[in-house]
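Observations on the model geometry
Each chain, written out:
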Amino acid sequence: MKLSTDRIIEAGMAVFAEAGYHGLSMRQVAKRLDAHAGSMYYHVPNKSALLQLMADRLAQQAYDAGTAALAALPEGAGWPERVEAQAVSLRRSLLRHPGGAVMFADSPKVLSTGALSLMERLLRTLKDAGIRDEHLGIAGDVVLSHITGYVLQEQGEPPAIEVGPEDVAELHRRFPLTVAAAGGDQEEKFIRSVRLLCAGIGALDESGSAAAARPARSPSGDHG
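Report follows, based on the coordinates. Just so it is clear, the structure is predicted and the values come from calculations on it, not from any experiment.

As for the pattern of salt bridges
Counted by the stated rule, this structure contains 10 salt bridges. Of the charged contacts, one joins Arg57 and Asp6 as a salt bridge, the two residues approaching to 2.9 Å between their closest N and O atoms. Residue Arg57 is found in helix H4 (residues 47–71), and its partner Asp6 is found in helix H1 (residues 5–23); the two are separated by 51 residues along the sequence. Judged by its relative accessible area of 46%, Asp6 is partly exposed. For Arg92, the salt bridge is made with Glu187, and the minimal N-O distance between the two is 2.3 Å.

Take a look at the structure:
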């Protein structure tokens, strides 16, 4: 088949899924395509450019999924529901690609316009909700970092150790709360975690607004 930018991106994502960032090279991508590395440079000049294209492909798919999720919300949905829709669609998009969370975590470093668009929309959602500028950037970072970290754990390799029934029983005995918290449906836990973040962001902003609205107290002994 004729080489194209799309085919190179797809092959690059496959190599990345198997070998990670350090295992990704133009030579390995060319090998997967059964092509000469030199012939790819007409379409993609180097590894950095390939990483940017890969990150953009992933982020654009996530952005489009988020657009559809937002459009499906009922009229009058509040900002927490809009944040949740974006978070859930992003998680699902990352899970569709092995190594997707690692690629997305590095996307700002390669100036992925798709990833920046995701952040811009999230920040716009929070700003339109009335979240103050002093909390805005941190709130956006917390939400995206949480999504990325959550999927990183889901996509991580299981530990290469054998755990017997006695070990499991001992873990339950020593760490009952931690073991109990580790169970359950992952999507349901993720949604609840995003709602918890939204509640915290809203409460922080409300407490700051309330403090700013309080009248200044006169110094002790000042009777005017």
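Thoughts on the packing of H1 against H4
As a packed pair, H1 and H4 sit with axes 9 Å apart at the nearest point and diverge in direction by 95°. Taken together, H1 and H4 sit at an angle that is classed as roughly perpendicular. On H4, the residues that touch Thr5, Asp6, Ile8, Ile9, Glu10, Gly12, Met13, Phe16 and Tyr21 of H1 are Lys47, Leu50, Leu51, Leu53, Met54, Arg57 and Leu58.

Digging into the environment of Leu126
Here Leu126 lies in helix H7 (residues 113–128). Judged by relative accessible area, which is 1%, Leu126 ranks as buried. Taking the C-alpha atoms as reference, Leu126 lies 8.2 Å from Ala139; in sequence the two are 13 residues apart. Setting aside chain neighbours within four positions, we find Leu126 in contact with Trp79, Val83, Ile131, Leu136, Ala139 and Gly140.

A closer look at H7
For H7, built from 16 residues, the straight-helix expectation of 22 Å at 1.5 Å per residue is met to within 8% by its first-to-last C-alpha distance of 22 Å. Turning to H7, its buried residues are Gly114, Ala115, Leu118, Met119, Arg121, Leu122, Thr125 and Leu126. Viewed along the axis of H7, the buried residues span an arc of 160°, placing them on a single side of the element. Every exposed residue of H7 that faces more than 90 degrees away from the buried side is listed here: Thr113, Glu120 and Asp128.

As for the packing of helix H5 (residues 79–95) against helix H8 (residues 133–155)
Closest axis-to-axis distance for the H5/H8 pair is 10 Å, and the angle between their directions is 30°. Here H5 and H8 pass one another in a crossing that is right-handed. Counted together, Val83, Ala87, Leu90, Arg91, Leu94 and Leu95 of H5 and Val143, Leu144, Ile147, Tyr150, Val151, Glu154 and Gln155 of H8 form the full contact between these two elements. Per-class residue counts for the contact of H5 with H8 are 10 nonpolar, 1 polar and 2 charged.

Reading the values: rules and limits
- Residues numbered from 1 in each chain as written.
- Predicted model: local features only at pLDDT ≥ 70, side-chain atom pairs only at ≥ 80, totals over all residues.
- Heavy atoms only, no water.
- Salt bridge = Lys/Arg side-chain N within 4 Å of Asp/Glu carboxyl O.
- Helix = DSSP H or I, 4+ residues; strand = E, 2+ residues; numbered from the N terminus.
- Buried < 20%, exposed > 50% of the residue type's maximum accessible area, 1.4 Å probe, protein only.
- Axes fitted to C-alpha atoms, helices over the stretch in contact; angles between N-to-C directions.
- Parallel < 35°, antiparallel > 145°, perpendicular 65-115°, else oblique.
- Contact = heavy atoms within 4.5 Å.
- Expected span 1.5 Å × (residues − 1).
- Arc of directions from axis to C-beta.
- Left-handed = near helix turned anticlockwise from the far one by under 90°.
- Nonpolar A, V, L, I, M, F, W, Y, C, P; charged D, E, K, R; others polar.

Just geometry here; none of it tells us what the structure is for.
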